[in-house]
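Okay, here's what each chain looks like letter by letter:
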Amino acid sequence: MRQSTLFYKTKRTVPKEIEAISHRLLYRGDFIDQLASGIYTLMPLGFLVHKKIEKIIREEMLRIGAQELYMPVMHPRYLWEKTGRWKTMGETLFKSKDRHKKEFVLGPTHEEVITKIAKERISSYKDLPVALFQIQIKFRNELRFTGGLLRTREFIMKDLYSFHSEEKDFQRFYNKVIKAYLKIFRRCGLKPIVVEASGEGFTQSVTHEFQVLTSVGEDRIIFCPECQFAQNKEIAKNKEGKRCPVCKKGILEEKRGIEIGNIFPLGTKYSKSFDLTFTDKKGKKKLVIMGCYGIGLGRLMAAIVEMNYDSKGIIWPREVAPFLVHLVPVEIKDKRVYQVSERIYRNLQQEGLEVLYDDRKEILAGEKFVESDLLGIPVRLIISTKSLSKNKVEVKIRNKKNPQFIKLEDIIKYIRAYEKKI
């Protein structure tokens, strides 16, 4: 894309009320625009990142055998009364009435809807197991809206639901999801820890969260630096400074974390409410065992920025960057610089490489570099009369200090090699 046509406008300063690093940088880079408290527009740059995250999640969900569907946002009241959550979730729900005075809720989650769907299609052990997921909008009337995309009222979530005939099968799939989630987050440039947590009204069983440790996190985590043990402080029986109850070696620490995903063993909670049963091999009726697994895409996007930035701006990991290459001619009015830049731009596009081409002629080199650092695109190709005099271009990798100079004919080869290294 030519930067002269990209719909965006970076900012030098931010409002005082914006505190979280991710909120500040996404605001300054014009990745997001605030419409109201807790409600944001994903601008073209932000939407490109969001779609990359969605692609990663979809690939890993399909890889573990889940099937994608898309459920309605509006849910009739009777579904939520079946589980009692019409009352228990209270003011968290956005409720409305249609012109026939029938009541609906704007879905904050989809356990009720997916269980209703499953009941009409599952009757035998032969129909199990099955896993269904969607990537869809959610609404939650949160009391506080903080940190930009970290906590919002309207957001996109990947929610996966699984249905099983026995506990062993559920546990196998549950562990498979844990591995898939860790892969998703690694591909997004994050290294989360798996944390034991409460059921948050979804279940009475111990659940698991995926947390990245950062000072802006809302959750407090008790964890052992020596092993994999970690608990949300709200359920932790062990305190900071005590010896780890699992490995007996590490000393427990307490840190803040951002929850970027969660998984819940639902058991038969929703199956009972909807009488979701199946007939086993002996002809006996049993309740279906369920699990649910969520990832908020906007929150994940914010967490990526919280963990990948420097004093100059965002450092996007390769797989989620809005573009892989930022082509920056610093003397574009020079005839040869212009011609070479145009040729490189065409070649990159023909190779299927995503490139943002700063073809603006009235912007000074220093301003271009400052903006490029802020936007955080992984590979910057700098074209100048000086480098071209040696038939080379300057390459600056966003998360490295020193630039390199490579031959013009080696640009594609270099970028392909860079892709494979990460």
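Small disclaimer: the values here were computed from a predicted structure and weren't measured.

Conventions we followed
- Residues numbered from 1 in each chain as written.
- Predicted model: local features only at pLDDT ≥ 70, side-chain atom pairs only at ≥ 80, totals over all residues.
- Heavy atoms only, no water.
- Salt bridge = Lys/Arg side-chain N within 4 Å of Asp/Glu carboxyl O.
- Helix = DSSP H or I, 4+ residues; strand = E, 2+ residues; numbered from the N terminus.
- Pairing = 2+ DSSP bridges.
- Axes fitted to C-alpha atoms, helices over the stretch in contact; angles between N-to-C directions.
- Core = buried A, V, L, I, M, F, W, Y, C linked by side-chain atoms within 4.5 Å.
- Buried < 20%, exposed > 50% of the residue type's maximum accessible area, 1.4 Å probe, protein only.

### Notes on the pattern of salt bridges
- All told, the structure shown has 35 salt bridges when counted by the stated rule.
- Arg151 is the salt-bridge partner of Glu218, the closest N and O atoms lying 2.7 Å from each other. Of the two residues, Glu218 is situated in the loop between strand 10 (207–213) and strand 11 (219–223) and Arg151 in the loop between strand 7 (130–139) and strand 8 (154–164); the sequence distance between them amounts to 67 residues.
- Each of the salt bridges in this network shares a partner with another, and the network as a whole consists of Lys55, Glu59, Glu60, Arg63, Lys183, Arg187 and Glu319.

### Quick word on the pairing of strand 1 (residues 32–36)
- Two elements, strand 1 and strand 2 (residues 39–42), share 4 bridges in a ladder whose sense is antiparallel. Bridge assignment links Asp33 to a residue of strand 2, and that residue is Thr41.
- Counting the residues that bridge the hairpin from strand 1 to strand 2 gives 2 residues, and of these Gly38 lies at a positive phi of roughly 75°.

### Re the sheet that holds strand 5 (residues 94–97)
- With antiparallel pairing, 3 strands are arranged side by side in an open sheet as 4-6-5. The open sheet is flanked by strand 4 (74–76) and strand 5, the only strands paired with a single partner. Strand-to-strand, the axes of this sheet are offset by a mean angle of 35°, without reference to chain direction.
- Two elements, strand 5 and strand 6 (residues 103–106), share 4 bridges in a ladder whose sense is antiparallel. Its bridge partner lying in strand 6, Lys95 is registered against Val105.

### Thoughts on the nonpolar core
- Phe31, Met61, Leu160, Tyr181, Leu300 and Trp316 are the most contacted members of the largest nonpolar core, which totals 57 residues.
- The biggest single contributor to this core is helix 6 (residues 167–187), with 9 residues.

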